[in-house]
Each structure stands twice: as structure tokens, then as C-alpha cells.
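Okay, here's what each chain looks like letter by letter:
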Amino acid sequence: MSVAEQSIAGAEARGHGFMASSVGRKVVMAATGIVLFGFVTVHMIGNTQAYLGAEGFNGYAKFLHTMLHGAGIWIFRAVLLAATGLHIWAAVSLTLDNQAARPVGYRAQQPVASTWASRTMRWSGFILAAFIVYHLLHLTTGHAHPNFDHANPYANFVSAFKVPAAAGFYIVAQLCLGLHMWHGVWSFTQTLGLTHPRYDGLRRNFATGLTLLVVGVNISYPIAVLTGCIH
Ligand code: HEM
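A short tour of the structure in this document, coming up. (Residues numbered from 1 in each chain as written. Predicted model: local features only at pLDDT ≥ 70, side-chain atom pairs only at ≥ 80, totals over all residues. Heavy atoms only, no water.)

What follows concerns the overall build of the chain. The secondary structure content of the chain amounts to 9 helices and 0 strands. In the chain, the succession of α and β elements from N to C terminus is α-α-α-α-α-α-α-α-α. Within the chain, the proportion of its 231 residues that are buried is 32%. Expressed as a percentage of contacts within the chain between residues at least 6 apart in sequence, the contacts between residues at least 24 apart total 69%. Summing over all exposed atoms, the chain offers an accessible surface of approximately 13900 Å²; the carbon and sulfur share of this is 70%. (Helix = DSSP H or I, 4+ residues; strand = E, 2+ residues; numbered from the N terminus. Buried < 20%, exposed > 50% of the residue type's maximum accessible area, 1.4 Å probe, protein only. Contact = heavy atoms within 4.5 Å. Areas by Shrake-Rupley, 256 points an atom, 1.4 Å probe, with all protein chains shown as cover.)

Our next topic: the coordination of the iron atom of the ligand. Note on the iron atom of the ligand: its protein donors are His-43 (NE2) and His-135 (NE2). The metal-donor distances range over 1.9 to 2.0 Å. Each of the 6 donor atoms bound to the iron atom of the ligand contributes to angles spanning 86 to 179°, and the resulting shape is octahedral. In this pair, His-43 sits in helix 2 (residues 22-47) while His-135 sits in helix 6 (residues 121-140), placing the two residues 92 residues apart along the sequence. Residue His-135 is classed as buried on the basis of its relative accessible area, which comes to 18%. (Donors = N, O, S within 2.8 Å, 3.2 Å for Na, K, Ca; no water. Tetrahedral: all angles 85-135°; square planar, octahedral: opposite > 155°, others 65-115°.)

Close to the ligand lie 23 residues; His-43, His-65, Arg-77, His-135 and Asn-218 are nearest. Within the contact set of the ligand, a nitrogen atom lies 2.8 Å away from a side-chain nitrogen or oxygen of His-43. Within the side chain of His-135, one N or O atom sits 2.7 Å away from a nitrogen atom of the ligand. For the shell around the ligand, the secondary structure elements donating two or more residues are helix 2, helix 3 (54-66), helix 4 (71-101), helix 6, helix 7 (153-161), helix 8 (164-191) and helix 9 (197-226). In terms of residue count, helix 6 provides more of the shell around the ligand than any other element does, 6 residues in total. Split into classes, the residues belonging to the shell around the ligand amount to 15 nonpolar, 7 polar and 1 charged. (Near = heavy atom within 4 Å. Polar contact = N/O pair within 3.5 Å; in protein donor to acceptor, adjacent residues only side chain to side chain. Nonpolar A, V, L, I, M, F, W, Y, C, P; charged D, E, K, R; others polar.)

Here we take up helix 4. Compared with the 45 Å implied by 1.5 Å per residue over 31 residues, the 45 Å span of helix 4 between its first and last C-alpha is a close match. Packed against the buried residues of helix 4 are helix 2, helix 3, helix 6 and helix 8. (Expected span 1.5 Å × (residues − 1).)

So, about the packing of aromatic side chains. Per the counting criterion, the structure on display carries 14 aromatic pairs. Aromatic side chains Phe-157 and Phe-161 sit 5.3 Å apart centroid to centroid with 85° between the ring planes, which places their arrangement in the edge-to-face category. Placement of the pair is Phe-157 and Phe-161 together in helix 7, with a separation of 4 residues, close to one helical turn. Neither Phe-157 nor Phe-161 differs from the other in exposure class; each is buried. (Phe/Tyr/Trp six-rings, centres within 6.5 Å; stacked < 30°, edge-to-face > 60°.)

By themselves, these observations are geometric and do not establish any function.
Okay, structure coming up:
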């Protein structure tokens, strides 16, 4: 089957709606990426309460679990789950389409207008997905935590990062988050149409500044526990 026939067959198998078009799925990627990117930024800011000690951090955790009479966290979880599911679905289906359009592959890949971060989106995304599963079992449900106490999120936070292997995995995952976020912010500003050369410097600085801030602060948590600054 020729490339054109395969693309037509793929489009027919999916239907002809907005979500079936590659532009539609790129918009889904961008919109859900903005939600997830907003979440990691707010989450990073919220976790700075750990620098205020047990009272500040546990008070913040209590607020999260009791806002809107306890319904707030479930609304927030539903939005986050839907955004993550749609983001992964759009990424996988666009990747499969790209592969179907180029079944033989290039003999020698010659990256032209791509960056290292863009070429690593698939595996950084895969490591991030594995990190999120581990992170939820570690600090939310406690199944992957050696001595989890549901009544004391601060103690869970501190004892979690006293284990060097866990702290190391968090650091590696944050570096993947950095690669993924940097290219993601760059791409969604492009999908939103901010592609004029006049905005390129601004987009690049915005992507770099925010990525460095989120990743730097996130990495500071395991390091602060390992060095005894948070105890
Ligand atoms: C070093 C960096 C991070 C630290 C110290 C951290 C810490 C925490 C803590 C303590 C909780 C439990 C809050 C509670 O139940 O009271 C939590 C929940 C969570 N974290 Fe993180 N986190 C980090 C990075 C991330 C990243 C990068 C992501 C996503 C990519 C993420 C996603 C989540 C999610 C989805 C929850 C569950 C929220 C809920 O209860 O529904 N975290 N995190």
C-alpha cells in the first residue's frame, strides 16, 4: 500500500471529525499540555510549604483534602486524569500515524529543525508516566512507602527522600520533566499560533525560565532532605 493510501486508510479508520485530524489531535495535545503544565507549576509552588516545616506542610495538605467540603480534590483529580489520558492518547496516535506514513524509516536520520529535547519526547514522556504511577503509590496512597502515615504528609515527605534510591529516581524524573516541559511549552506556543520570528526569543525564554524554575525547585526537595536542610 502506498503512503497516500495508508494515510487515507488511517483517516477512514478513525472517522473524519476534528479529533481524527492530526491538527485536531495536536490541539488536544496543546490544550491538555497547558493543563498539566499548570498543574506541575502550582504543585511545585504548593510543595514549597515543606520549607516552612511540619505545621505549614500538613496544613496545606489538609486544605487540599478539605476544600469544597472534600469535593475539590476529586474534581481536581478528575480533570488531571482526563488531561493525562487525552494527552497520552493524542501522543500515541500521532506517533503511530507518523510511523505508518514512513514504514521503512530513513537509512540515516538527519535531524534538521529539531532539538535534542524534541527527539526525546517519547522516552521522557514514558519515564514521566512511570514516575507518576510510582509517585502516587509513594506519597499519595503509601503502597510504595516503607512507613507511610496517612495523618502526617510531612513525615512521609521527609522519610521518603531519606532513601537515596528514591531520591535519585525523583531527581532523574525531574530532569525528564525538564526536557519534556521545555519542548512542550515551545510546541504549545507554536500550536497556539505564536510562530512569528518576533516572538521566538520570548517563547524560548519563557520555556527555559519556567522549566528551570519548576525543575530546580522540585530537585531541591530530595536534596534538602538528603543534606538535612529539611528534617
Ligand atoms: C520533587 C518533586 C515532587 C514532590 C516533592 C511531590 C510531592 C507530593 C506530595 C507530598 C503529594 C501528596 C499530597 C497529599 O496527598 O497531601 C503529591 C501528590 C501528587 N503529585 Fe507530586 N511531587 C513532586 C513532583 C510531581 C510531579 C513532577 C508530578 C507530575 C508530573 C506530580 C504529580 C502528583 C500528583 C498527580 C499527586 C496526587 C494529587 C492527588 O492527591 O490527587 N508530582 N506530590
